[in-house]
Amino acid sequence: MNEIAPTLSSAVELSTPIVLAAMGGLINLRGGIVNIGLEGKMLAGAFVAVLVSWKTGDPWLATATAAGAGGLVALPFSLLITRLKANEIIVGLGFNVLVAGLIGYLLPVVFGVYGALNPPDLAGLPKLRIPGLDDVPVLGTVLSDKTLLTYLAIASVPAVAWTLNRTTWGIRLRAAGENPDAARAAGIRPLAWRDASTVVAGVFAGLAGAQLSLGIVSLFTIGMTAGRGFIALAAFYFGAGRPWPTAAAAFLFGLVEAIQVRLPGSQLPPQVVDMLPYLAVIVALTALGIARTRRERRAVLT
Amino acid sequence: MTEAPAVLPQPLLARRLGRAVELVWALTPFVTALLVGAIILWATGRNAVDTYRLLVRYSFCDRDAIAATLAATTPVLLTGLATAFAFRAGVFNVGVEGSLYFGAFAAAWVGFTYTHVAGIPLMTAALALAAGAGALGALLPALLKVLWSVDEVVTTLMFNFIAIGFTSYLVNGPFLAEGTANSMSPLVADQAGLPSLSPPSQMSPGILIALGAAIAFWFVFARTTFGYELRTVGGNRRFALASGISVRRAVMIAMLVSGLIGGVAGGIQILAVNHRFIDHFSPGYGFTGIAVALLGRNTAVGCVLAALFFGALANGGATIQFFTNVPIELIQILQGTVMVFAVVQLGRGIARRS
């Protein structure tokens, strides 16, 4: 029983990158782009974070640069989709391959290492103790002593929900995503809004990468995103583009990961557990599909 | 009447011009990728011209090099054809990697289970089961699409990870070879292995199967009614419906055939190269297949040329990493660029969705 609080604590830590990336992907989705390239942007963020922290010793600057790197990768990605009408799925997959290839190429050429960058005394992100919360049993263990990015991830959920539903920006973005022609008629430039949402998604993914390489551990490896960009995709599909269900799904996937780390030898084999987020998406999409089909049939009958 | 001949050359010229434009479009991603690669090589102090020259030499200089290139071409030609088959019918199957894993495991299972069976029947059974397993892998996304219009892009993409995870479970649990700690199945029986056509390379009869598949691909789309139906469904679904073509049947078959070819790709790779199923064995053959299909513009000849390009890169790239200080990741950079720039032009029509 006394494993529960530590497990939840590492679930919070491990779900941070998934929540961040999923929030970014969600904003992008509402803006009209399915972002398959979160994985690559996360990897770029993780790499740049380690690089900058190593060279400057400043993990905050490193985190900010990682966010910038994510946004920077996102811009050409977005322009290719919005201006050159490239297929978003293929561009996403292509960018993932391209970013992984570029980093994998630079590691030996520039830094003389293969597959990983592990500088000695790398400054990771400090864990913040929340005064007052610390002394609360269980809750203190679960929520205190985390990186700033964790608190940012938690705060991003209501912030994104509020921005999307209650602000002019949110309405314009959703208009650009749902009905670009109507948006254009209303004087909104849908493509510019789409690009902006992709850059925001890139920034979120870059921060997610920084949490991986400076928060959870303090090193970079080429495989460290380990499909989390796709798990984030799973989360916002599972949450049907709504912030709270998306965050809940992302946390659930983080919890599953934490249980695996914390309780090895639990009943299910780890490979089967790894499949769960992906199965969940297929189940969720199927349920949505069945509901839609039924509605359409009913509409035809009446 | 006498003026008629004078009119003729014009459409002919237009067609020729059209073809030339098509060719330029087709070569754009290829050239762009080489340029991007050259810029990166140059920026990191490598001579791009020398690097590319060495790549060509290591891939094609002699019999052994060509055989090794063809060996590396085999899996990506099959995954490319698998992807292109679905794309042609307007079905966006990005799950060939998953079918490849299922096919690979099925072939390995036949090979290490029925060790007393003679060579030819064993190989045939292994490849047949690989094909079946690959198709089975595509069945669920296909059914979901046909029954409830569940978007196949997401389901097939997710399905890749499920297939990789599931086969990883099989090979770490029930089918872990005794005496090995490293997530691999027992070796397949010796007689089940596809022999090398040109030792020491791993070029197997698999390349002939892949070329045969390319010819069959061409024949289906160029010469059969069914291929015409698939193309019509891919080109204009409403028109297809109006012409009385069963769109559901076409989508279903396109997905299953795509999975089937992907499964065969996995089976051949196991029987010719790995000789056992190894956890996470594929370096992304299925995803390279997407690049092959795009670069080859979903045609048989295009896929053969594009697969040869990626096969040469994989083979030459490995050698070049060994002899010079150019990391093999250069190939990934080229592949990613090809994918991105291939759809920039495809935005004009071929793979456009909804």
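What counts, and at which threshold
Residues numbered from 1 in each chain as written. Chains lettered and ligands numbered in written order. Predicted model: local features only at pLDDT ≥ 70, side-chain atom pairs only at ≥ 80, totals over all residues. Helix = DSSP H or I, 4+ residues; strand = E, 2+ residues; numbered from the N terminus. Rg over C-alpha atoms; globule rule 2.2 N^0.38 Å. Buried ≥ 20, exposed ≤ 12 C-beta atoms within 10 Å, placed from the backbone. Contact = placed C-beta atoms within 7 Å. Nonpolar A, V, L, I, M, F, W, Y, C, P; charged D, E, K, R; others polar. Axes fitted to C-alpha atoms, helices over the stretch in contact; angles between N-to-C directions. Parallel < 35°, antiparallel > 145°, perpendicular 65-115°, else oblique. pLDDT = per-residue confidence, 0-100. Left-handed = near helix turned anticlockwise from the far one by under 90°.

Turning to the overall build of chain A, a few remarks are in order. Broken down by element type, chain A carries twelve helices and two strands. In chain A, the order of α-helices and β-strands from amino to carboxyl end is α-α-α-α-β-α-α-α-α-α-β-α-α-α. Whereas a compact globule of 302 residues would reach a radius of gyration of roughly 19 Å, chain A reaches 20 Å, a difference of no more than 12%. Along the first, second and third principal axes, the C-alpha atoms of chain A reach 65 × 50 × 40 Å. For chain A, the proportion of its 302 residues judged to be buried stands at 52%. When contacts within chain A are restricted to residue pairs at least 6 apart in sequence, long-range pairs at least 24 apart make up 78% of them.

For the rest of this paragraph, the subject is unusual backbone geometry. A cis amide bond links Pro 199 of chain B with the next residue in sequence, Pro 200 of chain B, at an omega value of 5 degrees. Structurally, Pro 200 of chain B can be placed in the loop between helix H7 (152-172) and helix H8 (206-223). Non-glycine residue Lys 85 of chain A carries a positive phi angle of around 55 degrees. Within the element layout of this structure, Lys 85 of chain A appears in the loop between helix H3 (59-82) and helix H4 (88-111). Classification of Lys 85 of chain A as partly exposed rests on a count of 16 C-beta atoms within 10 Å. For Val 138 of chain A, which is not glycine, the phi dihedral falls at a positive 60 degrees. With respect to the secondary-structure elements, Val 138 of chain A resides in the loop between strand S1 (116-117) and helix H5 (139-143).

This paragraph deals with the interface of chain B and chain A. Chain B puts 40 residues into the contact, and the matching count from chain A is 39 residues. For the side of chain B that touches chain A, the secondary-structure elements that each account for two or more residues are helix H6 (119-148), H7, helix H12 (285-295) and helix H14 (329-346) of chain B. Broken down by element, the side of chain B that touches chain A gets its largest block of residues, twelve residues, from H14 of chain B. Here the residues of the side of chain B that touches chain A sort into 25 nonpolar, twelve polar and three charged.

On to the packing of helix H4 (residues 63-88) of chain B against helix H11 (residues 247-274) of chain B. Residue and element names in this part refer to chain B. Taken N-terminus to C-terminus, the directions of H4 and H11 make an angle of 175 degrees; their axes are 8 Å apart at the nearest point. With respect to each other, H4 and H11 are oriented roughly antiparallel. Contacts between H4 and H11 pair Thr 74, Pro 75, Leu 78, Thr 79, Leu 81, Ala 82, Thr 83, Phe 85 and Ala 86 from the former with Ala 254, Met 255, Val 257, Ser 258, Ile 261, Gly 262, Val 264, Ala 265, Ile 268 and Gln 269 from the latter. Split into classes, the residues belonging to the contact of H4 with H11 amount to 13 nonpolar, six polar and no charged.

Below, the discussion takes up helix H7 (residues 168-178) of chain A. The complete set of buried residues in H7 of chain A reads Arg 172, Leu 173, Ala 175, Ala 176 and Gly 177 of chain A. Residues of H7 of chain A that are buried sit in contact with helix H1 (4-30), helix H8 (180-185) and helix H9 (190-216) of chain A.

Residue and element names in this part refer to chain B. Mapped onto the elements of the fold, Thr 319 is located in helix H13 (residues 300-323). When the 18 C-beta atoms within 10 Å are taken as the criterion, Thr 319 is described as partly exposed. Spatially, the C-alpha atoms of Thr 319 and Ala 300 are 28 Å apart, while their sequence positions differ by 19 residues.

All names here are of chain A. As for its position among the elements, Thr 63 is in helix H3. A count of 27 C-beta atoms within 10 Å places Thr 63 in the buried class. Residues in contact with Thr 63, not counting those within four places in the same chain, are Ala 49, Leu 125, Leu 207, Ala 210 and Leu 214.

What follows covers the confidence of the model for chain B. All names here are of chain B. For chain B, the average pLDDT comes to 89, and 94% of its residues sit at 70 or higher. Within the model, the stretch residues 1-8 combines pLDDT values under 50 with zero contacts to residues more than four positions away or in other chains. Here residues 346-354 is a poorly scored stretch, pLDDT under 50, and it has 14 contacts once near neighbours within four places are set aside; other chains count. Model confidence for the complex is summarised by a pTM of 0.90, with the ipTM given as 0.89.

Another point: the packing of H3 of chain A against H4 of chain A. Residue and element names in this part refer to chain A. In contact at an axis separation of 10 Å, H3 and H4 are set at 150 degrees when each is read in the N-to-C sense. The orientation of H3 relative to H4 falls into the category roughly antiparallel. Here the hand of the crossing between H3 and H4 comes out right-handed. Here Val 73, Phe 77, Leu 80 and Ile 81 of H3 lie close against H4, whose contacting residues are Glu 88, Val 91, Phe 95 and Val 99. Grouping the amino acids of the contact of H3 with H4 by side-chain chemistry returns seven nonpolar, no polar and one charged.

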